[in-house]
Amino acid sequence: MNARAALFDLYGDHLRSRGGKASVAALVRLLAPLEIAAPAVRTAVSRMVRQGWLDRVRLPQGPGYAVTAKAVRRLDEAALRIYRAGTISWQGHWHLVVLEQVRDRAKRERLRADLAFLGYAPLSETTWVGPRHSPELDPLLANEDIRADRFDAVLDGDPRELVARAWDLAAIGHAYEEWLAEAQKLIAGLSDGAPASRVFATRSRLVHGWRNFLFRDPGLPAELLPPGWQGEKARAYFEQEAARLMPAAAAFVDKELL
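Cut-off values and rules
- Residues numbered from 1 in each chain as written.
- Predicted model: local features only at pLDDT ≥ 70, side-chain atom pairs only at ≥ 80, totals over all residues.
- Heavy atoms only, no water.
- Helix = DSSP H or I, 4+ residues; strand = E, 2+ residues; numbered from the N terminus.
- Rg over C-alpha atoms; globule rule 2.2 N^0.38 Å.
- Buried < 20%, exposed > 50% of the residue type's maximum accessible area, 1.4 Å probe, protein only.
- Contact = heavy atoms within 4.5 Å.
- 1 Å grid on protein atoms, 1.4 Å probe; cavity = no way out; pocket = protein on both sides within 12 Å on 5 of 7 lines; lining within 4 Å.
- Points joined across faces, edges and corners; volume = space filled by probe spheres on them.
- Nonpolar A, V, L, I, M, F, W, Y, C, P; charged D, E, K, R; others polar.
- Pairing = 2+ DSSP bridges.
- Axes fitted to C-alpha atoms, helices over the stretch in contact; angles between N-to-C directions.

*Asks:* I keep staring at the overall build of the chain and nothing clicks. Help me out?
*Replies:* If you tally the helices and strands in the chain, you get 10 helices and 7 strands. By the compact-globule yardstick of 18 Å for 258 residues, the chain fits well, its C-alpha radius of gyration being 19 Å. Principal-axis analysis of the C-alpha atoms gives the chain an extent of 55 × 40 × 30 Å. By the burial criterion, 47% of the 258 residues in the chain qualify as buried. For the chain, the proportion of contacts with a sequence separation of at least 24, taken over those separated by at least 6, is 75%.

If you want it as structure tokens, here you go:
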């Protein structure tokens, strides 16, 4: 786990509900159980400031960093998908986005990664489809200064055929199986009575691995998924273990934030 990814996980999983801010010293202490050194934390924080995810703040404990409005949108949307906060329903409508041509390669690649994170898949170089509108879409396009037409669309045809073209469900299902096997090994390595710092590190690695599915799994409605979808078994295990480990992990975070 690199420092930037670990910081996103830390802010999303713990600090967002504690005011969304922490001192530099606390961030270094909190990432130490993940074997991330202080220079790497400071470098990652500086990069996140430049990218508009964090703002510098002065806290009673010293210099610190707080999430920006942009980061709050990203963390809250991620939490909805990670922990299924609220019921996601589907009325048979697709959200279609037709982008202007983007000639800058770096900008184009960045846009592709961000749209995939939001649950969209490309039908062509400039046309993307998702099972629902993402509240992050408009701020993303505005930030990149990209024009796009958006449509609430009803498919004239079999939605499963569209899903098969847009997403590789077999590969995603296999990835869930691999994640579950690795997650079970990770949890098995945590002994009873392990210190809170070790529980925090284990839970952080569990959440980080699960969060990676946000870049692969668009969160399709159940009626469009194959029978015995591997993601459901994996999710049940994640939710069980994430909840079980949370009290000790949260106690570690509270102690290190003082």
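*Asks:* Got a minute to help me understand empty space enclosed by the protein in this structure?
*Replies:* The probe, sized like a water molecule, is rolled over the atoms to show the empty space still left. Scanning the entire structure with this criterion turns up 1 cavity of 30 Å³ or more. Here the largest cavity is characterised by a volume of approximately 60 Å³. Taken together, Met-1, Ala-6, Asp-9, Leu-10, Asp-13, His-14, Leu-31, Leu-34, Phe-200, Ser-204 and Val-207 make up the lining of the largest cavity. Mapped onto the lining of the largest cavity, the elements with two or more residues apiece are α1 (3–15) and α9 (196–211). Looking at the lining of the largest cavity residue by residue, the classes come out as 7 nonpolar, 2 polar and 2 charged.

*Asks:* Quick question: what am I supposed to make of the environment of Thr-43 here?
*Replies:* Mapped onto the secondary structure, Thr-43 falls in helix α3 (residues 38–50). With 39 residues separating them along the chain, Thr-43 and Arg-4 place their C-alpha atoms 8.6 Å apart.

*Asks:* Explanation requested: the sheet that holds strand β4 (residues 93–99) in the structure shown.
*Replies:* Backbone-to-backbone hydrogen bonds pair the strands of a sheet. The strands run either parallel or antiparallel. The antiparallel open sheet is built from 4 strands, whose spatial order is β5-β6-β4-β7. Each edge of the sheet is formed by a strand with only one pairing partner; in this case those strands are β5 (121–122) and β7 (148–154). With 4 bridges connecting them, β4 and strand β6 (residues 127–130) associate as antiparallel partners. The residue bridging His-95 from the neighbouring strand is Gly-130, located in β6. Along the sheet, helix α5 (residues 105–117) makes contact with β4, β5 and β6, crossing β6 at roughly 20°. Along the sheet, helix α6 (residues 137–144) makes contact with β4 and β7, crossing β7 at roughly 160°.

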